Amino acid sequence: MNALSLFNDWLNNDYYGTSGCYGNSVSTPDVDVTENKDSYILDMDLPGRTENDVNLELNEGVLTIASSSEKNETKQIEDKSEEKKENEKPQFLLRERRRTSFRRSFTLPKDIDAEGVTAGFKNGVLTVRIPRKPESAPRKIQINIA
């Protein structure tokens, strides 16, 4: 199997990464994928998010990573306006740090150990380790005399 076919989500993405120069632009987080003999490693840049903002799901060989902007936007506003009244929302004069929702899906190869998948979050980078099943070695079969 071609290692690049492991992560084929860009064709399935409605927006093919970043789209649009004006108005609403949609972006997906940058991802690096590496492999070694024991596992695949996926690193996704998620600046400004925490492990509580991200949902991971592995279902029938498809790894999906998603985050909603609605929860993040509300939390960001609440954190910055603790001293303000509950009903009062801040009025932005300039707003460039907008969080968007995203959802990325990756079709994984057949040689993964789904039970052993782990994820960690450090310094705005999500790291997902996807272990491989041990390769089955050829087995010599003994012929018995009847």
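The notes below deal with the structure included here. (Residues numbered from 1 in each chain as written. Predicted model: local features only at pLDDT ≥ 70, side-chain atom pairs only at ≥ 80, totals over all residues. Heavy atoms only, no water.)

Regarding the overall build of the protein chain
Then step 1. Of the regular secondary structure elements, the protein chain holds one helix and seven strands.
Then step 2. Along the protein chain, from the amino end to the carboxyl end, the secondary structure elements read β-β-β-β-α-β-β-β.
Then step 3. Looking at the 146 residues of the protein chain, the share that counts as buried comes to 25%.
Then step 4. Taking as baseline every contact in the protein chain between residues at least 6 positions apart, the subset at least 24 positions apart corresponds to 59%.
Then step 5. Carbon together with sulfur atoms contributes 48% to the accessible area of the protein chain, which is approximately 11,600 Å² in total. (Helix = DSSP H or I, 4+ residues; strand = E, 2+ residues; numbered from the N terminus. Buried < 20%, exposed > 50% of the residue type's maximum accessible area, 1.4 Å probe, protein only. Contact = heavy atoms within 4.5 Å. Areas by Shrake-Rupley, 256 points an atom, 1.4 Å probe, with all protein chains shown as cover.)

Examining the pattern of salt bridges
Here the idea is simple: oppositely charged side chains can pair when their charged atoms come close.
Then step 1. Summed over the entire model, instances satisfying the criterion amount to two salt bridges.
Then step 2. Here Arg 132 and Glu 35 are joined by a salt bridge, their closest N and O atoms 2.4 Å apart. You can see Arg 132 sitting in the segment after strand S7 (125-131) and its partner Glu 35 sitting in strand S1 (residues 31-35), a full 97 residues away along the chain.
Then step 3. Taking relative accessible area as the criterion, Glu 35 reaches 41% and is therefore assigned partly exposed.
Then step 4. Of the charged contacts, one joins Asp 111 and Arg 132 as a salt bridge, the two residues approaching to 3.3 Å between their closest N and O atoms. Separated by 21 residues along the polypeptide, Asp 111 in the loop between strand S5 (102-107) and strand S6 (118-122) and Arg 132 in the segment after S7 bring together distant segments of the chain.
Then step 5. Here Asp 111 falls in the partly exposed class, since its relative accessible area comes to 27%. (Salt bridge = Lys/Arg side-chain N within 4 Å of Asp/Glu carboxyl O.)

Let's talk about the environment of Leu 58
Then step 1. Structurally, the position occupied by Leu 58 is in strand S3 (residues 55-59).
Then step 2. The exposure class of Leu 58 is partly exposed, given its relative accessible area of 32%.
Then step 3. For the pair Leu 58 and Glu 115, spaced 57 residues apart in sequence, the C-alpha separation works out to 9.7 Å.
Then step 4. Apart from the residues lying within four places of it in its own chain, the contact partners of Leu 58 are Leu 63, Leu 108, Ile 112, Ala 114 and Val 117.

Details of the pairing of S6
Then step 1. As paired strands, S6 and S7 are joined by five bridges and run antiparallel to one another. Note that in S7 the partner of Phe 121 across the bridge is Leu 126.
Then step 2. In this antiparallel pair of consecutive strands, S6 and S7, the connection spans two residues, and Asn 123 shows a positive phi of 55 degrees. (Pairing = 2+ DSSP bridges.)

Let's talk about the nonpolar core
Then step 1. Ranked by internal contacts, the top residues of the largest apolar core, which has 14 residues, are Met 44, Ile 65, Leu 126 and Ile 130.
Then step 2. For this core, the elements supplying multiple residues, two or more each, are strand S2 (39-45), strand S4 (62-67), S5 and S7. (Core = buried A, V, L, I, M, F, W, Y, C linked by side-chain atoms within 4.5 Å.)

Some points on the sheet that holds S4
Then step 1. What the three strands build is an open sheet, ordered S3-S4-S5; its pairing is antiparallel. Strand pairing shows two members of the sheet lacking a second neighbour, S3 and S5, which therefore form its edges. Across the sheet, the mean angle from the axis of one strand to that of its neighbour is 15 degrees, orientation sign disregarded.
Then step 2. Note that S4 and S5 share six bridges and pair antiparallel. (Axes fitted to C-alpha atoms, helices over the stretch in contact; angles between N-to-C directions.)

Here's the deal with the sheet that holds S7
Then step 1. If you trace the four strands from one edge of the open sheet to the other, you get S1-S2-S7-S6, paired in antiparallel fashion. Looking at the sheet topology across the chains shown, the edges are occupied by S1 and S6. Each adjacent strand pair in this sheet contributes to an overall mean axis angle of 15 degrees, direction not counted.
Then step 2. Bridge count for S2 against S7 is seven bridges, and the pairing is antiparallel.

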